[in-house]
Amino acid sequence: MARELHDAKGQKPFTVSPLFGHFLTESGAKRAVEEEEYWFRFTALTEECCEALVRVFYGEAIANATVMIEETPFLITAIDLAVGGRRGWSGLLSYDDLISAANGEPEITLCFQTPTTFRQGKINYVLPDPNLVFGSLLRKWNAYAPKKIPQEIKNFIFERVGVSQYRLSSRPYDLGDHSLIGFQGKCKYTVLGDQNEMTRYLNILADFAFFAGLGQKTTMGMGQVRRVG
C-alpha cells in the first residue's frame, strides 16, 4: 500500500506534518533535544488509508516503541485521535460530518501553520489567492468525497470571494535536497454580496483543509492548514 501511495500520480489521500517541538540549531541544522517532547500528525482522506494508519498506530508493537527519525531515537508516549487534542490538531470526522456541520458563514479565517505554496507552471506562487486556496481544496474533496461539490463554485470564488485581512510572512521549508519558499500565518476570506448555497460549500472546503492540507508537498510537511474563524 505504501508503494502504491507513493508511486501514484496526482492527488495523495494523506498528509504528513513536520516534527513540531523545541529544536537547537547547530551548523545550520536543527537538532532535537534530549527529554523534550515532540509531535507530528498524519491525516487520511480515504477509508482504506485511515484504517491502515489505525492498524499501525494502535497495534500492539507501537505502545512505548522507539522509532528512528533522521538517525535520532524517539520514544512514542501517546497517540491521539480525539477532536481538539494535541493543541487542536487531532480529530476524526467523516465527509458526512463535515457536510452536516457546515453553515453559511461569510467570513472564513485560515491558519497556515507550515509554509504553503502553489505550483503555477514553473513558478512557486507564494500568496494565499482564494482561487488557488479553495481550488486546491475542491480538487481534493472531489477526488475522495462520495458527495461532490459542483464545479460552479469556481466562478463563485472568482467573482465573490476576496481577501479581507491577513498577517503573513514568507518562510523557506527544507525538503532535504532543496527548499521551497512558502507563506505562513493567517488570512481572512470574505464572501461579497448575498450568501447562497455556494457559501456553504465554501465553508465545507474551509473545514476540510484541516485534513486535506493545501498546495505543494503536503506529504512532506508543507501546507498544514486549519480553520480558526
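Above this text is the structure in question.
Residues numbered from 1 in each chain as written. Predicted model: local features only at pLDDT ≥ 70, side-chain atom pairs only at ≥ 80, totals over all residues. Heavy atoms only, no water.

Draft legend 1. The overall build of the chain, seen in detail. Assigned secondary structure in the chain consists of seven helices and twelve strands. Its C-alpha atoms give the chain a radius of gyration of 18 Å, within 12% of the compact-globule value 17 Å for 229 residues. The principal-axis extents of the C-alpha atoms in the chain amount to approximately 55 × 40 × 30 Å. Going through the 229 residues of the chain one by one, you find that 40% of them count as buried. Taking as baseline every contact in the chain between residues at least 6 positions apart, the subset at least 24 positions apart corresponds to 69%. Carbon and sulfur atoms form 52% of the exposed surface of the chain, whose accessible area is close to 13,300 Å². The distance from the centre of the 25 positive side-chain charges to the centre of the 26 negative ones in the chain is 6 Å. (Helix = DSSP H or I, 4+ residues; strand = E, 2+ residues; numbered from the N terminus. Rg over C-alpha atoms; globule rule 2.2 N^0.38 Å. Buried < 20%, exposed > 50% of the residue type's maximum accessible area, 1.4 Å probe, protein only. Contact = heavy atoms within 4.5 Å. Areas by Shrake-Rupley, 256 points an atom, 1.4 Å probe, with all protein chains shown as cover. Lys, Arg positive; Asp, Glu negative; His and termini not counted. Charge placed at Lys NZ, Arg CZ, Asp CG, Glu CD.)

Draft legend 2. The arrangement of the nonpolar core in detail. Phe112, Val133, Phe134, Leu137, Trp141 and Ile153 are the most contacted members of the largest nonpolar core, which totals 41 residues. Elements with a minimum of two residues in this core: α4 (95-101), β7 (107-116), α5 (130-144), α6 (153-160), β11 (179-191) and α7 (197-212). Top contributing element to this core by residue count: α7, with eleven residues. Discounting residues that sit within four places of it in the chain, Leu137 has contacts with Leu205, Phe208, Ala209, Ala212, Gly213 and Leu214. (Core = buried A, V, L, I, M, F, W, Y, C linked by side-chain atoms within 4.5 Å.)

Draft legend 3. Looking closely at α6. Taken together, the buried positions of α6 are Ile153, Phe156 and Ile157. The arc that holds every buried residue of α6, seen down its axis, measures 100 degrees, which confines them to one face. With respect to the buried face of α6, the exposed residues turned more than 90 degrees away are Asn155, Phe158 and Glu159. In this fold, the buried residues of α6 make contact with α5, β10 (161-174), β11 and α7. (Arc of directions from axis to C-beta.)

Draft legend 4. Spotlight on the pattern of salt bridges. As enumerated under the stated definition, the model contains five salt bridges in all. Two residues, Asp96 and Lys147, come together in a salt bridge whose shortest N-O distance is 3.6 Å. Within this pair, whereas Asp96 is found in helix α4, its partner Lys147 is found in the loop between α5 and α6, the two being separated by 51 residues in sequence. Note on Asp96: relative accessible area 42%, which makes it partly exposed. (Salt bridge = Lys/Arg side-chain N within 4 Å of Asp/Glu carboxyl O.)

Draft legend 5. View of the pairing of strand β2 (residues 23-26). Across four bridges, the pairing between β2 and strand β3 (residues 29-32) is antiparallel. Looking at the pairing, Glu26 lines up with Ala29 of β3. Taking the residues between adjacent antiparallel strands as the criterion, β2 and β3 are bridged by two residues, where Ser27 takes a positive phi near 55 degrees. (Pairing = 2+ DSSP bridges.)

Draft legend 6. Examining the packing of α5 against α7 more closely. Axis separation between α5 and α7 bottoms out at 9 Å; the angle between their running directions is 75 degrees. The pairing of α5 with α7 is recorded here as roughly perpendicular in orientation. Residues Phe134, Leu137, Leu138, Lys140 and Trp141 of α5 pack against Leu202, Ile204, Leu205, Ala206, Phe208, Ala209 and Ala212 of α7. Its residues assigned to classes, the contact of α5 with α7 shows eleven nonpolar, no polar and one charged. (Axes fitted to C-alpha atoms, helices over the stretch in contact; angles between N-to-C directions. Parallel < 35°, antiparallel > 145°, perpendicular 65-115°, else oblique. Nonpolar A, V, L, I, M, F, W, Y, C, P; charged D, E, K, R; others polar.)

Draft legend 7. Layout of unusual backbone geometry. Positive phi values are uncommon outside glycine, yet Glu35 reaches one of about 75 degrees. The topology assignment puts Glu35 in the loop between β3 and β4 (42-44). By relative accessible area, which is 74% here, Glu35 ends up exposed. One non-glycine residue, Lys217, lies in positive phi territory at about 55 degrees. Relative to the helices and strands, Lys217 resides in the loop between α7 and β12 (225-227).

Draft legend 8. How the structure looks around the side chain of Arg226. Relative to the elements of secondary structure, Arg226 occurs in strand β12. Lacking a salt bridge, the buried Arg226 has Asp80 as its closest oppositely charged neighbour, with an N-O distance of 11 Å. Among the polar contacts made by the side chain of Arg226, one reaches the main-chain carbonyl oxygen of Gly88 at a distance of 3.2 Å. Dropping the residues within four chain positions of it, Arg226 is found in contact with Arg87, Gly88, Trp89, Thr109, Leu110, Cys111 and Phe210. (Polar contact = N/O pair within 3.5 Å; in protein donor to acceptor, adjacent residues only side chain to side chain.)

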